[in-house]
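# Descriptive analysis of the structure
What follows is the residue order along each chain.
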Amino acid sequence: QLLLVESGGGLVQPGGSLRLSCAASGDSLDAYTIGWFRRVPGKEREGISCANPSDEDTYYADSVKGRFTISRDNAANTVYLQMNSLKSSDTAIYYCAAEPIRPGRPPSYSCRSSFGSWGQGTQVTISS
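Residues numbered from 1 in each chain as written. Predicted model: local features only at pLDDT ≥ 70, side-chain atom pairs only at ≥ 80, totals over all residues. Heavy atoms only, no water.

Here we take up the nonpolar core. Grouped together as the largest cluster of nonpolar side chains are 27 residues, with contacts concentrated most on L29, W36, L81 and Y94. Breaking this core down by element, the ones donating at least two residues are β3 (18-25), β4 (32-39), β5 (46-51), β7 (68-73), β8 (78-83), β9 (92-100) and β11 (122-126). Ignoring sequence-local partners within four residues, the contact set of L29 consists of L2, L4, A24, I34, R72, N77, T78, V79 and A98. (Core = buried A, V, L, I, M, F, W, Y, C linked by side-chain atoms within 4.5 Å. Buried < 20%, exposed > 50% of the residue type's maximum accessible area, 1.4 Å probe, protein only. Helix = DSSP H or I, 4+ residues; strand = E, 2+ residues; numbered from the N terminus. Contact = heavy atoms within 4.5 Å.)

What follows is the structure in structure tokens.
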């Protein structure tokens, strides 16, 4: 079973940057579609970024496009989310997720689907 553990959350001022990490164990992420999701209390979970193994095969929600970057380090079996130009509306619990690759499924679809593996979440708070 794939285990995912997020880290890197914290308190950041508006306009600042933060990098979230998601360490995987139990299986190699190079065979998985990966994703980052966030949840605000009382709101639906939002898929903010998902990616297939190809670096060019990525999806970003409009709310984070141009500010966030998803990546993976296969050697470290770790997923990252680089978050720049942070806004107060980015405050949420962030979760990483992974799902075995399905041929032909675009990452935009994956970000609207149910992933098989989830991390425990890490809190990101943007405040001055």
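A separate point is the sheet that holds β8. The four strands lie next to each other as β1-β3-β8-β7, forming an open sheet whose pairing is antiparallel. Of all strands in the sheet, those bounded by a partner on one side alone are β1 (3-7) and β7. Taken over all neighbouring pairs, the strand axes of this sheet differ in orientation by 15° on average, direction set aside. As judged from the six bridges shared by β7 and β8, these two strands associate in the antiparallel manner. (Pairing = 2+ DSSP bridges. Axes fitted to C-alpha atoms, helices over the stretch in contact; angles between N-to-C directions.)

Where β1 meets β3, five bridges bridge the pair, whose relative direction is antiparallel. By the bridge assignment, E6 is partnered in β3 with C22. As judged from the six bridges shared by β3 and β8, these two strands associate in the antiparallel manner. Opposite S21, over in β8, you have Y80 as the bridge partner.

Taken as a whole and assessed by the stated rule, the structure comprises five salt bridges. Among the ionic pairs, K65 bridges to D62, the shortest N-O distance being 3.2 Å. Like D62, K65 is exposed. Taking the shortest distance from any N to any O, the salt bridge between R102 and E99 comes out at 4.0 Å. The exposure class assigned to R102 is partly exposed, which follows from its relative accessible area of 44%. Among the residues examined, E99 registers a relative accessible area of 16% and is labelled buried. (Salt bridge = Lys/Arg side-chain N within 4 Å of Asp/Glu carboxyl O.)

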